[in-house]
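Listed below are the residues making up each chain.
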Amino acid sequence: LVAHVFVRVLPCSPALAVNVLSAVAAVLAVLLCYANARELACGPLAAATGALLLATGRSFWFNATVAEVYTPGLCVALCALWLLLRAQRLHRPRLAVLAAGLCGLGMGVHYSLATLGLGYASLAAQSASAEPPALRARGMLKVIAACAVAALVAFSVDLVLLLLRANVDVQP
């Protein structure tokens, strides 16, 4: 879906437009690497060093400059991780639900996001840890359930768009 926007907006060939999308996603991934390091309480210099190491990696840019789904998938994964880390630090479960929805949409980019599910679910559950101990388990279950619903709804949107794109009739 995002590739279609790049193809329609950029005044170049579709192949070049999709390659530009991968490069833009790579730049965003480097920025999100820095943001995640800062969210994990790294200092500005340490976070910048980590982002710089990613930004100068040969294999990273090899994958970032071809029309593949790896770099946009990494961008979605890092954005979801940033939202989950903020949800945990600020005790804001709604950010965790937003991250789950983003992962559901990101499944349309690359299915590798499904492999991150258990770790992300753990971070999502910890966003409810500000509640009193007697209510903590119930709060964690509510957050995980809301995240599961958000991910499934967002992934359903991916599937519907895929079916519509394939010109398959969708029966109600």
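Higher on the page you've got the structure.
Reading the values: rules and limits
- Residue positions are given per chain, counting from 1 as you read along its sequence in written order.
- With the structure being a predicted model, the display of local features is reserved for residues of pLDDT at least 70 and the display and counting of side-chain atom pairs for 80 or more, all residues being used for whole-chain, interface and lining totals.
- Processing note: side-chain calculations cover all non-hydrogen atoms of the structure and skip hydrogens and water entirely.
- Under the scheme used here, helices are H or I runs from DSSP no shorter than 4 residues and strands are E runs no shorter than 2 residues, and both carry numbers assigned from the N terminus.
- A simple rule labels every residue: compare its accessible area, found with a 1.4 Å probe on the protein chains alone, to the largest value its type can have, and call it buried under 20%, exposed over 50%, or partly exposed in between.
- The criterion used for residue contact is that any of the two residues' heavy atoms lie within 4.5 Å.
- Every accessible area reported is derived by Shrake-Rupley at a probe size of 1.4 Å, with residue values counting cover from the shown protein chains alone.
- Note that His is not counted, nor are the chain ends; the positive residues are Lys and Arg, and the negative ones are Asp and Glu.
- Charge positions are represented by NZ for Lys, CZ for Arg, CG for Asp and CD for Glu.
- Ring pairs shown here join Phe, Tyr and Trp side chains whose ring centres sit within 6.5 Å, with only the six-membered ring taken for Trp; geometry is labelled stacked below 30 degrees between planes, edge-to-face above 60, and tilted in between.
- Each residue after the first adds 1.5 Å to the expected span of a helix.

Student: An account of the overall build of the chain is requested, with residue identities and associated values reported.
Tutor: Secondary structure summary: the chain contains 8 helices and 0 strands in total. When the helices and strands of the chain are placed in sequence order, the string is α-α-α-α-α-α-α-α. A principal-axis box enclosing the C-alpha atoms of the chain has dimensions of 60 × 55 × 25 Å. Put simply, the chain has 172 residues, and 30% of those count as buried. At a minimum sequence separation of 6, the contacts of the chain that also span at least 24 residues come to 62%. Entry remark: accessible area of the chain is about 10400 Å², with carbon and sulfur atoms responsible for 72%. Measuring between centres, the 11 positive side-chain charges of the chain sit 11 Å from its 5 negative side-chain charges.

Student: Quick one: what's the story with the packing of aromatic side chains, residue by residue and with numbers?
Tutor: Going through the model one piece at a time under the given rule, you end up with 2 aromatic pairs. With a centroid separation of 5.3 Å and an interplanar angle of 80 degrees, the aromatic rings of Phe60 and Trp61 are classed as edge-to-face. For Phe60, a relative accessible area of 9% gives the class buried. Where Tyr111 meets Phe155, the ring centres are 6.4 Å apart and the plane angle is 70 degrees; that geometry is what we call edge-to-face. Taken together, the positions of Tyr111 in the loop between α6 (93–106) and α7 (117–126) and Phe155 in helix α8 (residues 133–165) put the pair 44 residues apart, joining distant regions of the chain. Given the relative accessible area of 21%, Phe155 is considered partly exposed.

Student: Describe helix α5 (residues 70–90), naming the residues involved and giving the relevant values.
Tutor: Across its 21 residues, α5 extends 30 Å between first and last C-alpha, which sits within 8% of the 30 Å expected from 1.5 Å per residue. Along α5, the positions that sit buried rather than exposed are Thr71, Pro72, Gly73, Cys75, Val76, Ala77, Leu78, Ala80, Leu83, Leu84, Leu85 and Ala87. If you follow the buried residues of α5, they end up packed against α2 (14–39), α4 (58–64), α6 and α7. Downstream of α5 by one or two residues, His91 has phi in the positive range, about 55 degrees.

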